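A look at the structure
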Amino acid sequence: MYILKAFSNYASMPQQKGNKLFWGVAITCYALVVLATYFRMYVYHAYPIYYTEDEIPDAAGEIWTAISELGL
Amino acid sequence: MMCEWDVAQFLIFSTNGEPLIYYSHLTSIVIFLALLGFTLLKLKQWPRGAFRLMAIAYIVWLFCDLVLWANDNIEHVLFFWTLINLVEPLIFVAAFAYCIQFIDNRTLSSKSRWAIFALLFPTLVMAPMGLSVVGFDYTTCDRNVVEGIAAYYNYFLEALFVFLLLLKTGSILIYKRYAGRRVRLTLVVVGTSLLLFSFLIANFLGTFTGDYVTSQYGHIAVPIFAAFLAYITIKYESFEPRILLVDTLVVALFILLLSLLFVEENNYQIYANALAFAIMIPLGYTLVTSIRKEVKTRKEIQQLATNLESANGKLKELDQLKSEFLSVATHQLRAPLTAIRGYAANISEGSYGAVPEYLNDPLHVIQESTRLMVNSIEDYLNISRIEQGRMKYEKSDFDISDISKRVIEELLPVATKKGLALTLTANEPITVNADIGKIKQVLTNLVDNAIKYTEKGSIAVTVEKKEKVARVTITDSGVGIAADEIDKLFSKFTRARAANEVNTTGTGLGLYVAKQLVEGNGGKVWVESDGLGKGSRFVVELPV
């Protein structure tokens, strides 16, 4: 309900204000993501290092498997 | 496994990467920086915002990629690789937005923007979760990372926006509303599509084959893209490349001379450079301002010429309308006048019974007035025909002496009534090739004028052959013409001052029409006079 109300308020906003809101949200999101990535890499060192082929997860293979399971 | 990697200086300089990387990336960065500079210029149609976003995203991408190639630090590699995966779809989105803005002259609607953001949102969510860059691949010393599902989702997004751009290209070629700007729009969209397509393919190949060196050739489309944009800008933006070139030259000279001041050790060279630098500043300023002024003036002149051309076109249109109106109006006036004139002549001749004595004078006035009016209308009709290019000349061979004789015979009663002697001297038949009706009209007009503007004395008409022309000279002892009026006499609506004093009913069109008719028959007409009160000579020459 609150989300719907927020969207209806946004629709009735002047264009200039709507633009500012969009760029505000977009820039904030990107800044937060970059910050989180920074923390992941440099502060928490939360990343695996794969020394052998067997350890590496096959993301592409997983996608194809998922797609074939969906019957697409 | 132990890998020996070079330690990178300033993040991007090391021997770890192929030299090709520096050529491809640094060149592309410079080109995009130049394109960013382009957007600072006052361009009329450039969608700056989206274009800047695309250029900045591309520059960030290239810089991050250089870090990946050069750096030995695992954390840097992982971090910058994640940044690349975040920035890469932005390049495609911004390029798409800038093309749409260029094509449709509008920014993306608010809904479209939020929809695009929603498409990008999964990438944002997956990046810090480790689904974009999963981990470091230490199975080789290539310093690669293991990419997650977000990377593949990026490829889907990129392919989607290339596809949408291609659809837009199709619409440009199909829809009529783009007809006037089709070439320009196609160039923009093709240039951008080429850039995105080669970028997408290069990255895709790099990811799937692991051959990231070959994939760098994808950036070869960057200079091509820049060339497309530069061509379009110069051709369609009224952009003056001379200003940019001169500005660049002056700034380069300024930097060079300034830097030499700090490099030279010899005092004399320092003094010489300082002097050159001091001279260069006012000269450079003068050069830059004068070029700008010249370009501005030229543009203003071009604009004025365009305005003048447009005004001229409108005037021609108005003139044409005026001629058409004149033609229609005079046709409408002529028909009733002919009837008045005919019936007045019939009454005068007694066709409807004897005319009382007291009606003779009024009838004569009616006849004379209608004759004058018909003549005036005939002049207007002739002008209308001449100006609309509808005047037709039916040329045939005839004896000009004979025609002159007939004119004299017709006008002799008028001259005699006024107490003037009207004589003709024509010793031999002279055959000319012209429109007999129009030449008779001209001669009648000139002799009639001579009678009108001669109060006493005589009018002599001479017909003679002069080499390859037949010359008719009408000499009168009338009011004469002032020297300063002779040149203007054959112009439209022009009458001599002396003529106005003697006869106030003239329209100033007779001589103009006479000139046009004679010239239309390949001849010429002019007037000579010794001055006011000394008579005049009108000469008509026609080819034999």
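**A closer look at the overall build of chain A**
- Along the backbone of chain A there are three helices and one strand.
- Helices (α) and strands (β) of chain A occur, in sequence order from the N terminus, as α-α-β-α.
- Burial analysis of chain A (72 residues in total) assigns 6% to the buried set.

**Here's the deal with the overall build of chain B**
- If you tally the helices and strands in chain B, you get 14 helices and nine strands.
- Per-residue burial for chain B yields a buried fraction of 31% across its 544 residues.
- For chain B, restricting intrachain contacts to residue pairs at least 6 apart in sequence, the fraction spanning at least 24 positions comes to 67%.

**What to know about the sheet that holds strand E4 (residues 421–426) of chain B**
Residues and elements named next belong to chain B.
- Spatially, E4-E6-E7-E9-E8 is the arrangement adopted by the five strands of the open sheet, whose pairing is mixed. Edge strands, defined here as strands with exactly one partner in the open sheet, are E4 and strand E8 (524–529). Taken over all neighbouring pairs, the strand axes of this sheet differ in orientation by 15 degrees on average, direction set aside.
- Here strand E7 (residues 469–476) runs beside strand E9 (residues 536–543); their pairing, made up of eight bridges, is antiparallel. Residue Arg 471 lies in a different strand from E9, and its bridge partner there is Glu 541.

**Topic: the interface of chain B and chain A**
- Residue-level contacts link 25 residues of chain B with 25 residues of chain A.
- The set of elements that each furnish at least two residues to the side of chain B that touches chain A consists of helix H3 (74–104), helix H4 (110–126), strand E1 (133–137), strand E2 (144–147) and helix H5 (149–174) of chain B.
- Sort the elements by how many residues they give to the side of chain B that touches chain A and H3 of chain B lands first, with six residues.
- Partitioning the side of chain B that touches chain A into residue classes produces 15 nonpolar, six polar and four charged.
- The pairing of strand E1 (residues 49–50) of chain A with E1 of chain B spans two bridges and is classified as parallel. Residue Ile 49 of chain A lies in a different strand from E1 of chain B, and its bridge partner there is Phe 136 of chain B.

**Section: the pairing of E2 of chain B**
Residue and element names in this part refer to chain B.
- As paired strands, E1 and E2 are joined by four bridges and run antiparallel to one another. By the bridge assignment for E2, Gly 135 is matched with Val 146.
- Turn length for the E1-E2 hairpin, with the two strands adjacent in sequence and antiparallel, is six residues, and the turn residue Arg 143 shows positive phi of about 55 degrees.

**Some remarks on the pairing of strand E6 (residues 458–466) of chain B**
Residue and element names in this part refer to chain B.
- Where E4 lies against E6, six bridges are found, and the strand directions are parallel. Note that in E6 the partner of Leu 424 across the bridge is Val 461.
- Pairing geometry for E6 and E7, over eight bridges, is antiparallel. In the sheet register, Val 463 faces E7, and the bridge partner there is Val 472.
- Connecting E6 to the antiparallel partner E7 that follows it, the hairpin turn spans two residues, and Glu 467 within it adopts a positive phi of roughly 50 degrees.

**Let's talk about the sheet that holds E1 of chain A**
- Here we have three strands laid out as an open sheet, ordered E1(A)-E1(B)-E2(B), and mixed in their pairing. Either end of the sheet is taken by a strand with one partner, and the two such strands are E1 of chain A together with E2 of chain B.
- Packing against the sheet, H3 of chain B makes contact with E1 and E2 of chain B, and its axis sits at approximately 145 degrees to E1 of chain B.

**Quick notes on the packing of H4 of chain B against H5 of chain B**
All names here are of chain B.
- Taken N-terminus to C-terminus, the directions of H4 and H5 make an angle of 160 degrees; their axes are 9 Å apart at the nearest point. Taken as axis vectors, H4 and H5 run roughly antiparallel relative to one another. With respect to the hand of their crossing, H4 and H5 are arranged in left-handed fashion. Judged by residue contacts, Leu 119, Pro 122, Thr 123 and Met 126 of H4 engage Ile 149, Ala 150, Tyr 153, Asn 154 and Leu 157 from H5.
- Among the residues forming the contact of H4 with H5, the class breakdown is seven nonpolar, two polar and no charged.

**Examining the nonpolar core**
Residue and element names in this part refer to chain B.
- Met 54, Ile 91, Ala 94 and Cys 99 are the most contacted members of the largest nonpolar core, which has 74 residues in total.
- A per-element tally of this core places H3 first, with 22 residues.
- When near neighbours in sequence (up to four residues on either side) are disregarded, Ala 94 contacts Ala 50, Leu 53, Met 54 and Ala 57.
- Counting 38 residues, the second largest nonpolar core, distinct from the first, contains Val 442, Ala 470, Val 472 and Val 518.

**A short note on the confidence of the model for chain B**
All names here are of chain B.
- Summing up the model confidence of chain B, the mean pLDDT is 84 and the portion of residues at 70 or higher is 94%.
- Confidence scores differ between elements of chain B, with helix H13 (residues 497–502) showing the lowest mean pLDDT of 66 and H4 the highest of 93.
- Both confidence scores are given for the complex: pTM 0.53, ipTM 0.77.

**Some thoughts on the packing of helix H10 (residues 360–388) of chain B against helix H14 (residues 510–520) of chain B**
Residues and elements named next belong to chain B.
- Where H10 meets H14, the closest approach of the two axes is 10 Å, and the angle between their N-to-C directions is 45 degrees. When the axis of H10 is compared with that of H14, the two are oblique. Crossing angle aside, the handedness with which H10 passes H14 is left-handed. Of the residues in H14, those in contact with Asp 379, Asn 382, Ile 383 and Ile 386 of H10 are Gly 510, Val 513 and Gln 516.
- Residue classes in the contact of H10 with H14 are distributed as three nonpolar, three polar and one charged.

**Observations regarding helix H1 (residues 19–38) of chain B**
All names here are of chain B.
- With 20 residues, H1 extends 29 Å from end C-alpha to end C-alpha; this agrees with the ideal 28 Å at 1.5 Å per step.
- Turning to H1, its buried residues number three or more, namely Ile 21, Ser 24, His 25, Ser 28, Ile 31, Phe 32, Leu 35 and Phe 38. Down the axis, H1 shows its buried residues gathered within 130 degrees of arc, on one side only. Every exposed residue of H1 that faces more than 90 degrees away from the buried side is listed here: Pro 19, Tyr 23 and Gly 37.

**Re H4 of chain B**
All names here are of chain B.
- In this model, H4 (17 residues) spans 25 Å end to end at C-alpha, consistent with the 24 Å of a helix rising 1.5 Å per residue.
- Bending of H4 peaks at approximately 35 degrees at the position of Leu 120, with proline Pro 122 no more than four residues after it.
- For H4, every residue scored as buried is listed here: Thr 123, Leu 124 and Met 126.

**Observations regarding the environment of Tyr 153 of chain B**
All names here are of chain B.
- Tracing the backbone shows Tyr 153 in helix H5.
- Overall, the presence of 20 C-beta atoms within 10 Å leaves Tyr 153 in the buried class.
- Sequence separation between Tyr 153 and Thr 123 is 30 residues; the distance between their C-alpha atoms is 7.4 Å.
- Once you skip the residues sitting within four places of it in the chain, Tyr 153 turns out to touch Pro 122 and Thr 123.

Each value, and the rule that gives it
- Residues numbered from 1 in each chain as written.
- Chains lettered and ligands numbered in written order.
- Predicted model: local features only at pLDDT ≥ 70, side-chain atom pairs only at ≥ 80, totals over all residues.
- Helix = DSSP H or I, 4+ residues; strand = E, 2+ residues; numbered from the N terminus.
- Buried ≥ 20, exposed ≤ 12 C-beta atoms within 10 Å, placed from the backbone.
- Contact = placed C-beta atoms within 7 Å.
- Pairing = 2+ DSSP bridges.
- Axes fitted to C-alpha atoms, helices over the stretch in contact; angles between N-to-C directions.
- Nonpolar A, V, L, I, M, F, W, Y, C, P; charged D, E, K, R; others polar.
- Parallel < 35°, antiparallel > 145°, perpendicular 65-115°, else oblique.
- Left-handed = near helix turned anticlockwise from the far one by under 90°.
- Core = buried A, V, L, I, M, F, W, Y, C linked by C-beta atoms within 7 Å.
- pLDDT = per-residue confidence, 0-100.
- Expected span 1.5 Å × (residues − 1).
- Arc of directions from axis to C-beta.
- Bend = angle between axes of the 7 residues up to and from the residue.

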